[in-house]
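# Observations on the three-dimensional arrangement
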Amino acid sequence: MKIAIVIAGLIVVAVAALVAIQPSFLKPASLAVVKKSDIFGFSPGMTFEETSKLVSQRHYLCRQGRSSYTLECDINGAKVTVDGDATDARHPIWRVNATLNNPGPQDAAVKSISDQFNAQAIKDRQGWTWIVGRGLKLSYDGHALNLVDEAAEARLRKEEAKR
């Protein structure tokens, strides 16, 4: 009996030490910080079929753009362009661009975007950049947000260079 009490005490001390070192140990996965990786629900990697369902569910006003796998939408005053890969059978989205009508002061917009996407902004020559997901890069130039799957973009550029 004494051995069981000692073992239980050691387990309690070990868990307390682990929580002191890594507080998120006891935090449930549902409370973990999840990074946003979409603009108005559109996210690189979604199939064109999933994109069409999203447009129907949210009643977005969209029309087919310059290619058969490009959608141009007017959403909450923003002009949103969604580009899908025409060569892949599932036609996954590889870029989402949202041109904002009245973005307001740039510092406030950058802070708001950082808060929404739970990511740290990086200042560069063209504006601001965030890494918001596995291989997803978000950029903001003061007027437009651009969310890109960098691997898909590189592959598409390589394919176009071959032509």
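Look up: the structure comes first, before these words.
Summarised in this report is the structure supplied together with it. (Residues numbered from 1 in each chain as written. Predicted model: local features only at pLDDT ≥ 70, side-chain atom pairs only at ≥ 80, totals over all residues. Heavy atoms only, no water.)

Scanning the protein for helices and strands turns up four helices and eight strands. In sequence order, the secondary structure elements of the protein are arranged as α-α-β-β-β-β-α-β-β-β-β-α. Restricting to contacts in the protein with at least 6 residues of sequence separation, those with at least 24 account for 42%. (Helix = DSSP H or I, 4+ residues; strand = E, 2+ residues; numbered from the N terminus. Contact = heavy atoms within 4.5 Å.)

Its place among the elements puts Pro44 in the loop between α1 (2–21) and α2 (48–58). Measuring from C-alpha to C-alpha, the distance between Pro44 and Asp149 comes to 5.7 Å, with 105 residues separating the pair along the chain. Every residue in contact with Pro44, bar those within four places of it in the chain, is listed here: Ser37, Ile93, Trp94, Val96, Leu136, Leu147, Val148 and Asp149.

Let's shift gears to the state of the cysteines. Counting across every chain of the model gives one disulfide. What pairs with Cys62 in a disulfide is Cys73, and their sulfur atoms sit 2.0 Å apart. Across the S-S bond linking Cys62 and Cys73, the dihedral sits near 105 degrees, which makes this disulfide right-handed. In this pair, Cys62 sits in strand β1 (residues 61–64) while Cys73 sits in strand β2 (residues 70–75), placing the two residues eleven residues apart along the sequence. Owing to a relative accessible area of 27%, Cys62 belongs among the partly exposed residues under this scheme. Overall, Cys73 belongs to the buried group, its relative accessible area being 3%. (Disulfide = S-S within 2.5 Å. Buried < 20%, exposed > 50% of the residue type's maximum accessible area, 1.4 Å probe, protein only.)

Before going further, it helps to spend a moment on helix α3 (residues 106–117). Helical periodicity: at 3.6 residues per turn, an α-helix aligns residues three or four positions apart in one direction. Its twelve residues place the ends of α3 16 Å apart at the C-alpha level, agreeing with the 16 Å of an ideal helix rising 1.5 Å per residue. Packed against the buried residues of α3 are β6 (127–133), β7 (136–140) and β8 (144–149). Just downstream of α3, Asn118 is the residue with a positive phi angle, here 50 degrees. (Expected span 1.5 Å × (residues − 1).)

Another aspect to go through is the nonpolar core. Counting 30 residues, the largest nonpolar core has Phe42, Val80, Trp130 and Leu138 as its most contacted members. Elements with a minimum of two residues in this core: α2, β2, β3 (78–84), β4 (93–100), α3, β6, β7 and β8. Sort the elements by how many residues they give to this core and α3 lands first, with four residues. When neighbours within four sequence positions are excluded, Leu138 is seen to be in contact with Ile39, Ile113, Phe117, Trp128, Thr129, Trp130, Val132, Leu145, Asn146 and Leu147. (Core = buried A, V, L, I, M, F, W, Y, C linked by side-chain atoms within 4.5 Å.)

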